[in-house]
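Remarks on the overall topology
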Amino acid sequence: MECTVVCIDNSEFSRSGDYAPSRFQAQADAVNLLAGAKTQAHPEATVGVLTMSGKTPRVLVTPTPDLGKVLNCMTNIDIDGECNVSSSVQIAQLALKHRQNKNQRTRIVIFVCSPVAEEKEKLIKIAKKLKKNNVAVDVVSFGAEDENAEKLEAFHEAVNSNGNSHLVTVPPGPVLSDVLISSPIFQGEGGGAYGFAGGAGGGGGGGGGGAAGGDGFEFGVDPNMDPELALAL
Amino acid sequence: MAKDLLEHIDWSQLECLNEQGLHTATNALKQGYREQDELYLESDTDEQLLLNIRFNQRVKLQSIVIKAIDADKAPKSVKLYSNRPHMGFSDTSSVPCAQELELTPAQLKGDPIPLKLVKFSNVDSLSVFVESNQGGEETTKLCKIALFGSSGEVFNVAEIKKQGEEH
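Residues numbered from 1 in each chain as written. Chains lettered and ligands numbered in written order. Predicted model: local features only at pLDDT ≥ 70, side-chain atom pairs only at ≥ 80, totals over all residues. Heavy atoms only, no water.

Thoughts on the overall build of chain B
A tally of helices and strands in chain B yields two helices and 10 strands. Overall, chain B shows an N-to-C arrangement of helices and strands of β-β-α-β-β-β-β-β-β-β-β-α. In terms of overall dimensions, chain B is globule-like: its C-alpha atoms have a radius of gyration of 16 Å, near the 15 Å expected for 167 residues. With the principal axes as the frame, chain B shows a C-alpha extent of 60 × 35 × 30 Å. The buried share among the 167 residues of chain B stands at 46%. A fraction of 80% describes how many contacts in chain B between residues 6 or more apart in sequence connect residues 24 or more apart. Here chain B displays about 8500 Å² of accessible surface, and carbon together with sulfur accounts for 49% of that area. Taken together, the 18 basic and 26 acidic charged side chains of chain B have centroids lying 6 Å from each other. (Helix = DSSP H or I, 4+ residues; strand = E, 2+ residues; numbered from the N terminus. Rg over C-alpha atoms; globule rule 2.2 N^0.38 Å. Buried < 20%, exposed > 50% of the residue type's maximum accessible area, 1.4 Å probe, protein only. Contact = heavy atoms within 4.5 Å. Areas by Shrake-Rupley, 256 points an atom, 1.4 Å probe, with all protein chains shown as cover. Lys, Arg positive; Asp, Glu negative; His and termini not counted. Charge placed at Lys NZ, Arg CZ, Asp CG, Glu CD.)

Re the UniProt feature "domain: VWFA" (unreviewed entry) in chain A
Taken from the UniProt record, the annotation "domain: VWFA" (unreviewed entry) applies to residues 3–185 of chain A. In the segment residues 3–185 of chain A, helix accounts for 42% and strand for 22%; the C-alpha atoms at its two ends are 14 Å apart. (UniProt positions renumbered as here; feature names shortened; annotations may be inferred.)

Quick word on the environment of Ala2(B)
All names here are of chain B. Relative to the assigned elements, Ala2 resides in the segment before strand E1 (3–4). Considered as a pair, Ala2 and Lys60 are 58 residues apart in the sequence and their alpha carbons are 9.2 Å apart. What Ala2 contacts, discounting residues up to four positions off in sequence, is Gln62, Phe148 and Gly149.

Focus: the packing of aromatic side chains
Counted under the stated rule, the structure contains two aromatic pairs over all chains. Ring centres of Tyr19(A) and Phe142(A) lie 5.2 Å apart, and the angle between their planes is 90°; on these two criteria the pair is classed as edge-to-face. Within this pair, whereas Tyr19(A) is found in the loop between strand E1 (2–8) and helix H1 (23–41), its partner Phe142(A) is found in strand E5 (residues 135–142), the two being separated by 123 residues in sequence. Centroid distance Phe89(B) to Phe129(B): 6.2 Å. Interplanar angle 70°. Geometry classified as edge-to-face. Of this pair, Phe89(B) sits in the loop between strand E5 (77–82) and strand E6 (99–102) while Phe129(B) sits in strand E8 (residues 123–130); the two residues are 40 residues apart in sequence, bridging distant segments of the chain. Look at Phe89(B) and you get buried, because its relative accessible area is 9%. Phe129(B) gets classed as buried once you look at its relative accessible area, which sits at 3%. Lying across the ring of Phe89(B), Lys132(A) places its NZ or CZ 4.3 Å from the centre. (Phe/Tyr/Trp six-rings, centres within 6.5 Å; stacked < 30°, edge-to-face > 60°. Lys NZ or Arg CZ within 6 Å of the ring centre and 35° of its normal.)

Some thoughts on the nonpolar core
Ranked by size, the top nonpolar core spans 35 residues in total, and within it Leu51(B), Phe55(B), Ile64(B), Leu80(B) and Leu126(B) carry the most contacts. Among the elements that line this core, the one with the most residues is strand E4 (residues 49–67) of chain B, at eight residues. With sequence-adjacent residues up to four places away left out, Leu51(B) is seen in contact with Leu14(B), Glu15(B), Cys16(B), Ala25(B), Leu29(B), Leu126(B), Ser127(B), Val128(B) and Ile145(B). Formed by 31 residues, the second largest nonpolar core is a distinct cluster that contains Val6(A), Val70(A), Cys73(A) and Leu176(A). (Core = buried A, V, L, I, M, F, W, Y, C linked by side-chain atoms within 4.5 Å.)

Description of helix H3 (residues 85–97) of chain A
Residue and element names in this part refer to chain A. Helix length check: H3, at 13 residues, gives a terminal C-alpha distance of 18 Å against a target of 18 Å (1.5 Å per residue), a fit within 8%. Among the residues of H3, Val85, Ser86, Ser88, Val89, Ala92, Gln93, Ala95 and Leu96 are the ones counted as buried. On its buried face, H3 sits against E1, strand E2 (46–51), strand E3 (58–64), strand E4 (105–112), helix H4 (120–132) and E5. (Expected span 1.5 Å × (residues − 1).)

Details of the interface of chain A and chain B
Across the boundary between the two partners, chain A contributes 10 residues, which contact 14 residues of chain B. Together chain A and chain B conceal approximately 990 Å² of surface at their shared face, both sides included; 46% is due to carbon and sulfur atoms. Linking chain A with chain B are two salt bridges, by the criterion used here. Applying the counting rule to chain A against chain B returns seven residue pairs in polar contact (both at pLDDT 80 or more). Looking at the side of chain A that touches chain B, the element that brings in the most residues is H4(A), giving three residues. Considered class by class, the residues forming the side of chain A that touches chain B number no nonpolar, four polar and six charged. (Buried area = accessible area lost by both parts, 1.4 Å probe. Salt bridge = Lys/Arg side-chain N within 4 Å of Asp/Glu carboxyl O. Polar contact = N/O pair within 3.5 Å; in protein donor to acceptor, adjacent residues only side chain to side chain. Nonpolar A, V, L, I, M, F, W, Y, C, P; charged D, E, K, R; others polar.)

With respect to the side chain of Lys141(B)
Residue and element names in this part refer to chain B. Relative to the elements of secondary structure, Lys141 occurs in strand E9 (residues 141–142). Overall, Lys141 belongs to the buried group, its relative accessible area being 19%. Ignoring sequence-local partners within four residues, the contact set of Lys141 consists of Tyr40, Leu41, Glu42, Ala68, Asp70, Lys73, Ala74 and Pro75.

Description of the pairing of E2(A)
Residue and element names in this part refer to chain A. When you tally the buried positions in E2, you get six out of six residues, the bulk of the element. Residues Thr46, Gly48 and Leu50 line one face of E2 and the alternating positions Val47, Val49 and Thr51 line the opposite face, and both faces are buried. Bridging between E1 and E2 involves six bridges; their strand directions are parallel. Counted as the bridge partner of Thr4 is Val47 from E2. Both E2 and E3 contribute to a ladder of four bridges, which runs antiparallel. When the sheet's bridge partners are listed, Val47 is paired in E3 with Thr64. Hairpin geometry of E2 and E3 is characterised by an intervening segment of six residues between the two adjacent antiparallel strands and by a positive phi of about 105° at Gly54. (Pairing = 2+ DSSP bridges.)

What about unusual backbone geometry?
Omega for the bond connecting Ala20(A) with Pro21(A) falls within 30 degrees of zero, at -15°, which places this linkage in the cis form. For Pro21(A), the position within the fold is in the loop between E1 and H1. Positive phi, normally seen in glycine, also occurs at Asn83(B), with a value near 60°. Positive phi is not limited to glycine here, since His86(B) has a value of about 55°. Residue placement: His86(B) occurs in the loop between E5 and E6.

Below, the structure written as structure tokens:
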């Protein structure tokens, strides 16, 4: 059961059309699916949204179990400026600290599609502080994957504790959401697939990553979710 | 008369911040594990640890045992907080602690350290904050934490059943 804060990259770089229809829109679709998956997985799971670019990072939605609020706020985001990853992460941590249900595990999901300004050492320091406070971090890198690879890999290594954090790099081409659905970020706690027919190896451990586009079970029914129906078809 | 409060620890709620994946709080607390010196709790990114222990009922704490064999990495400054569930590191500077301990090498051998009875007379949740270690090392290691005290009168259902079977 988790409290997740999603950090959105709404910088000018997200206008780029290398991910259809634009980096920003692909990101928005992925966030909507992610929020849906998390809130469906557990009735008390909460999701919050924060934008990283603009004058200052802003929390648009404080962690809520209400999917409608999250979907709604995604439609009102402006593209502006450059991302400030370090401030965003600090603010996300604060939002998590003030969650209503202290029993929830804490997680930050960061979407990055612009060059990260912070130095590697600074990112590692931030990662260690997150790890110290038991905050897991998933990073989705797309759009500026090559430039950011080294920094994000160092960040991931420093924040990862027993495999609770993931770094998924998505090259241009396949649909961002599809790649994410079959990645460990969607597979969630315990490796359970969130009921998406496209989940690679549905229900199995989170090893997912990479298989672009849904594998799609025959007849579109996940045998792990509904074995009787799958057998009947 | 103080007894070991091991059976009153709520293991499902046990939380330790900044512990290493392989060297967790269960190594220091659980019966059997805590007796083995090779099974220890070690901190991860720096030398601090924050252990949140919930009890399954209100208990009185009388003493605590903290054992560590690695002299330099052994805890030095330890702060105890009572009834503050889910404490985080940032809370330790703002929340007043119930008792502060400066551990000596003698205490680290495993001698019970008496606690202020008044502060720990009705404890539901205990937080143990290890602030620093003896040698200023990067990580802190300890192999046993044991809590002694007393619990209230508890209706032990298992015992009732036993008597019923005797008839």
